[in-house]
Amino acid sequence: MNVVFDLGAVLIGWEPARLVQAHFPERAADEAAAAALAKALFHHEDWLAFDSGLRSAAEVIQRSAARLGLPVAALRELIEPLGERLAPIPETLALLRDLRARREAQGSPRLFYLSNMPAPYARALERRFDFFGWFDGGVFSGDAKRAKPHEEIYQLLAWRHGLAPARTLFIDDAVANVEMARALGWRAIHCTSPAALPRELMRQLEAMEAGAAR
């Protein structure tokens, strides 16, 4: 069995509305304004190009500042050091630790990550957190030059590590990413609550193991 984790909002905390509230309080005076600004910044093709390794941090800062009318210095303060500020979600980190122990005892499941993550942030996370050594492998969009939900990034992970679709369980917080995984024959969990994830994951793993035993 294989378990594939998304990182942002699954294993690594990611709260974009709070980020823009902290850096642009005058543009994010309430939750609705913060959500709108976060969407305009992080869901635009400029950010997707940064995620995909096609634009640098400097380029996305300049383009986003001009497009959204944001101060360049404040936007730089948000974007450039972000990889040093992201932190694990305790519940999911504990789950990953349990799965690692299970793999060591039983040989399964293998553990992977598949993350939309700019390369500078990816390098920072790899340097800061030793749990990346618990994975059997993974793909960052900034390295692959492809981002979820494009099929190619899923296929790249599967090709590199021999992932059989029916034996692979994928976890992501974005509906589009989950739907693509299912379209490829993977099982998938739409993670809306990291606290609820351990129970759902174990239920899915047990169902997969029961199916394989038939």
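Residues numbered from 1 in each chain as written. Predicted model: local features only at pLDDT ≥ 70, side-chain atom pairs only at ≥ 80, totals over all residues. Heavy atoms only, no water.

## Considering the packing of helix 1 (residues 16-23) against helix 2 (residues 31-42)
Heads up, the condition is: Fitted lines through C-alpha atoms give the axes, limited to the stretch in contact for helices. The angle between two N-to-C directions lies from 0 to 180 degrees. The helix count covers DSSP runs of H or I at least four residues long, the strand count covers runs of E at least two residues long, and both are numbered beginning at the N terminus. Roughly parallel refers to an angle under 35 degrees, roughly antiparallel to one over 145, roughly perpendicular to one between 65 and 115, and oblique to any angle outside these ranges. Only heavy atoms matter for contacts: two residues are in contact if any of them lie within 4.5 Å across the pair. For this classification, Asp, Glu, Lys and Arg are treated as charged, while Ala, Val, Leu, Ile, Met, Phe, Trp, Tyr, Cys and Pro are nonpolar and the rest, including Gly, are polar.
Direction vectors running N to C along helix 1 and helix 2 enclose 105°, while the axes themselves pass 8 Å from each other. Taken together, the axis directions place helix 1 and helix 2 in an arrangement best described as roughly perpendicular. From helix 1, Pro16, Ala17, Leu19, Val20 and Gln21 reach across to helix 2, where they touch Glu31, Ala34, Ala35, Leu37, Ala38, Leu41 and Phe42. Classifying every residue of the contact of helix 1 with helix 2 gives 10 nonpolar, 1 polar and 1 charged.

## Points about the nonpolar core
This is how it is decided: Only buried Ala, Val, Leu, Ile, Met, Phe, Trp, Tyr and Cys residues count toward a nonpolar core, and they belong to the same one when joined by side-chain atoms within 4.5 Å. Any residue under 20% of the maximum accessible area for its type is buried, any over 50% is exposed, and the rest in between are partly exposed; the area is computed with a 1.4 Å probe on protein chains only.
One finds Phe5, Val20, Ile79, Phe131 and Leu201 to be the most contacted residues of the largest nonpolar core, which totals 53 residues. Ala158, Leu163, Val178 and Leu184 belong to the second largest nonpolar core, which has 15 residues in total.

## Structural notes on the side chain of Asp6
Defined as follows: N or O atoms closer than or at 3.5 Å make up a polar contact, with two conditions inside protein: a donor-capable atom paired with an acceptor-capable one, and, for residues adjacent in sequence, both atoms drawn from side chains.
In this structure, Asp6 sits in the loop between strand 1 (2-5) and helix 1. Here the side chain of Asp6 touches Lys148 through a polar contact of 2.9 Å, side chain to side chain. With residues near it in sequence (within four places) discarded, Asp6 still touches Leu11, Leu114, Ser115, Lys148, Ile171, Asp172 and Asp173.

## With respect to the packing of aromatic side chains
Stated formally: Classification of ring pairs rests on two measures: the distance between centres of Phe, Tyr or Trp rings, Trp counted by its six-membered ring, which must be within 6.5 Å, and the angle between planes, read as stacked under 30 degrees, edge-to-face over 60 and tilted in between.
Under the counting rule described, the total for this entry stands at 17 aromatic pairs. Centroid distance Phe132 to Phe135: 6.2 Å. Interplanar angle 45°. Geometry classified as tilted. Given a relative accessible area of 11%, Phe132 falls into the buried group. Among the aromatic residues, ring-to-ring pairing joins Phe5, Tyr113, Phe129, Phe131, Phe132, Trp134, Phe135 and Phe140 into one connected group.

## Quick notes on the layout of surface pockets
Sizing a probe to match a water molecule and rolling it over the atoms shows the empty space that remains. Quick reminder of the rule: A 1.4 Å probe that fits but cannot get out identifies a cavity on a 1 Å grid over protein atoms alone, an open set with protein on both sides within 12 Å along at least five of seven lines counts as a pocket, and a residue lines either if it has an atom within 4 Å of a point. Grid points are joined across faces, edges and corners, and a volume is the space filled by probe spheres set on the points.
Quantified by volume, the largest pocket comes out at close to 720 Å³. Residue lining of the largest pocket: 29 residues in total, with Trp14, Phe42, His43, Asp51 and Asn116 positioned closest to the centre. Elements with a contribution of two residues or more to the lining of the largest pocket: helix 2, helix 3 (45-51) and helix 11 (175-183). At 3 residues, helix 3 tops the list of elements feeding residues into the lining of the largest pocket. Looking at the lining of the largest pocket residue by residue, the class counts come to 16 nonpolar, 7 polar and 6 charged.

## Description of the pairing of strand 4 (residues 168-172)
Stated formally: Strand pairing is assigned whenever DSSP detects at least two bridges linking the two strands.
Counting buried residues along strand 4, 5 of its 5 residues qualify, which places the element largely inside the surrounding structure. Going residue by residue along strand 4, you find Thr168, Phe170 and Asp172 tucked away on one face and Leu169 and Ile171 tucked away on the opposite face as well. Pairing of strand 4 with strand 5 (residues 187-190) involves 4 bridges; the strand directions are parallel. Paired with Asp172 across the bridge in strand 5 is His190.

## So, the pairing of strand 2 (residues 110-115)
Each regular strand shows side chains that alternate between the opposite faces of the sheet. Rules: Classification remark: right-handed applies to a crossover when, strands pointing away from the viewer, the course from the first strand over the helix to the second runs clockwise.
Across the 6 residues that make up strand 2, a large majority, 5, are buried. Of the crossover connections in this fold, the one passing from strand 2 over helix 8 (residues 119-128) to the parallel strand 3 (residues 137-140) is right-handed.

## A closer look at the side chain of Thr168
By secondary structure assignment, the location of Thr168 is in strand 4. Given the relative accessible area of 0%, Thr168 is considered buried. Within the structure, Thr168 has its side chain in polar contact with the side chain of Asn2 (distance 3.1 Å). A polar side-chain atom of Thr168 sits 2.8 Å from the main-chain carbonyl oxygen of Ala164. Beyond its immediate sequence surroundings of up to four residues, Thr168 is in contact with Asn2, Val4, Leu163, Trp186, Arg187 and Met208.

## Observations regarding helix 11
Rules: Summarising the geometry, the arc corresponds to the directions from the helix axis toward the C-beta atoms.
By the burial criterion, the buried members of helix 11 are Asn177, Val178 and Ala181. The buried residues of helix 11 occupy one face: seen down the axis, they fall within an arc of 100°. Close packing links the buried residues of helix 11 with helix 10 (151-161), strand 4 and strand 5. Two residues or fewer after helix 11 comes Gly185, characterised by a positive phi angle close to 95°.

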